[in-house]
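Here is how the chains run, residue by residue.
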Amino acid sequence: LSEALWAGHPPVSAVANLRKHAWVLRGMVGDRLQTLRGAYRLRVEDGELDANQFARLARAGREALAARDADTAVARLGAALALWRGAAGGGVTGGSWLRALLQGLDEQRLEVFEDLVEARLGGGGYEGVAADLRRHLAVWPLRERAWGQLMVALYRRGQVAEALAAFGQARKVLRDQLAIEPGRRLQQLHRAMLHRDGSLDGDPPTFRSGVSLGAVPDRGATVPRPRRGAEAVWRPH
């Protein structure tokens, strides 16, 4: 717990602080928080932990997406995202272990948002998708999958010039920030749009293996989830 909560060397008062935090938490959750020898155990029942609910809904949404059931995918993935209220941890800072855990949860949220966009595109729902993606990319400009989805959303609305311009924006961002060119899939999508490829009139291309509502013709060549109903146990090293 000390390593999770404090970066670098914990303060001299770390143990006393942890005991105080545990005492306050026990006042909120009662005997769910148990004191063991050198550890605390927090009991969580099925359906109570929001991270578990998020994982369950996301999994159901992705299964529907793989089965090309866009309506169900939109409902499940939308419900998963509705559980979020800002970044994981709500701005809590801590050591490298806790930061890695929170970053992993945030990464899952970004992936589910893009899965939801894919489901919306697959169901023919283009209204508002481009605006949602632009807001997404304003915060996460290096997400190539989202750039590709923005291009598809614009192209399907007949905004071909804007779709091609989006590729130019993606290319500039990647060059400026990472000194690299867009990936093969994004470049294939760009070429398909330049040539008004008929494949773009079907299902939108996917940028994630295993979940597809169609694919750009290839002319070239998981984050662990919390267990449901698990007890969370922390033990100091």
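## Topic: the packing of aromatic side chains
Step number 1: Enumeration according to the criterion identifies one aromatic pair in this entry.
Step number 2: On the basis of an interplanar angle of 80 degrees and a centroid distance of 5.5 Å, the ring pair of Phe 54 and Trp 84 is categorised as edge-to-face. Pair noted here: Phe 54 is in helix 3 (residues 50-66) and Trp 84 is in the loop between helix 4 (70-82) and helix 5 (96-122), with a separation of 30 residues, a long-range link.
Step number 3: Of the residues examined, Phe 54 reaches a relative accessible area of 3% and is grouped as buried.
Step number 4: Residue Trp 84 is classed as buried on the basis of its relative accessible area of 19%.
Step number 5: One residue, Arg 109, lies across the ring of Trp 84, its end atom 5.2 Å from the ring centre.

## With respect to the pairing of strand 1 (residues 33-36)
A regular strand places its side chains so that they alternate between the two faces of the sheet.
Step number 1: Note: strand 1 against strand 2 (residues 39-42), four bridges, orientation antiparallel. Opposite Gln 34, over in strand 2, you have Arg 41 as the bridge partner.
Step number 2: Where strand 1 folds back on strand 2, the antiparallel hairpin that results is connected by two residues, among which Gly 38 adopts a positive phi of roughly 75 degrees.

## Observations concerning unusual backbone geometry
Step number 1: Even without being a glycine, Arg 68 presents a positive backbone phi close to 65 degrees.
Step number 2: Relative to the helices and strands, Arg 68 resides in the loop between helix 3 and helix 4.
Step number 3: Under the relative-accessibility criterion, Arg 68 is labelled exposed at 52%.
Step number 4: Positioned with a positive phi, Arg 196 is a non-glycine residue whose angle comes to about 50 degrees.
Step number 5: Among the structural elements, Arg 196 can be located in the loop between helix 9 (184-194) and strand 3 (232-234).

## Considerations on the environment of Gly 125
Step number 1: By the secondary structure assignment, Gly 125 is in the loop between helix 5 and helix 6 (129-139).
Step number 2: Each C-alpha atom of the pair Gly 125 and Ala 70 lies 9.9 Å from the other, and the pair is 55 residues apart in sequence.

## Details of the side chain of Arg 143
Step number 1: Its place among the elements puts Arg 143 in the loop between helix 6 and helix 7 (144-156).
Step number 2: Classification of Arg 143 by relative accessible area gives buried; the value is 16%.
Step number 3: Engagement of the side chain of Arg 143 in a polar contact is seen with the side chain of Glu 107, the distance being 3.1 Å.
Step number 4: In terms of polar contacts, Arg 143 uses its side chain to reach the side chain of Glu 114, at 2.7 Å.

## Overview of the pattern of salt bridges
Step number 1: The full count for this structure, using the stated rule, is 16 salt bridges.
Step number 2: Residue Asp 106 pairs with Arg 109 through a salt bridge whose shortest N-O separation is 3.6 Å. In this pair, Asp 106 and Arg 109 both sit in helix 5, three residues apart, roughly one turn of the helix.
Step number 3: Judged by relative accessible area, which is 15%, Asp 106 ranks as buried.
Step number 4: Among the ionic pairs, Glu 114 bridges to Arg 145, the shortest N-O distance being 4.0 Å. Of the two residues, Glu 114 is situated in helix 5 and Arg 145 in helix 7; the sequence distance between them amounts to 31 residues. We note that Glu 114, like Arg 145, is buried.

## Quick look at the packing of helix 8 (residues 160-178) against helix 9
Step number 1: Interhelical geometry of helix 8 versus helix 9 gives an angle of 150 degrees and a closest axis separation of 10 Å. On the basis of the axis angle, helix 8 is roughly antiparallel to helix 9. Pair helix 8 / helix 9 crosses with left-handed handedness. Across the interface between the two elements, Ala 163, Leu 164, Phe 167 and Ala 170 from helix 8 touch Leu 186, Gln 187, His 190, Met 193 and Leu 194 from helix 9.
Step number 2: Of the residues belonging to the contact of helix 8 with helix 9, the class tally is seven nonpolar, two polar and no charged.

Conventions we followed
- Residues numbered from 1 in each chain as written.
- Predicted model: local features only at pLDDT ≥ 70, side-chain atom pairs only at ≥ 80, totals over all residues.
- Heavy atoms only, no water.
- Phe/Tyr/Trp six-rings, centres within 6.5 Å; stacked < 30°, edge-to-face > 60°.
- Helix = DSSP H or I, 4+ residues; strand = E, 2+ residues; numbered from the N terminus.
- Buried < 20%, exposed > 50% of the residue type's maximum accessible area, 1.4 Å probe, protein only.
- Lys NZ or Arg CZ within 6 Å of the ring centre and 35° of its normal.
- Pairing = 2+ DSSP bridges.
- Polar contact = N/O pair within 3.5 Å; in protein donor to acceptor, adjacent residues only side chain to side chain.
- Salt bridge = Lys/Arg side-chain N within 4 Å of Asp/Glu carboxyl O.
- Axes fitted to C-alpha atoms, helices over the stretch in contact; angles between N-to-C directions.
- Parallel < 35°, antiparallel > 145°, perpendicular 65-115°, else oblique.
- Left-handed = near helix turned anticlockwise from the far one by under 90°.
- Contact = heavy atoms within 4.5 Å.
- Nonpolar A, V, L, I, M, F, W, Y, C, P; charged D, E, K, R; others polar.

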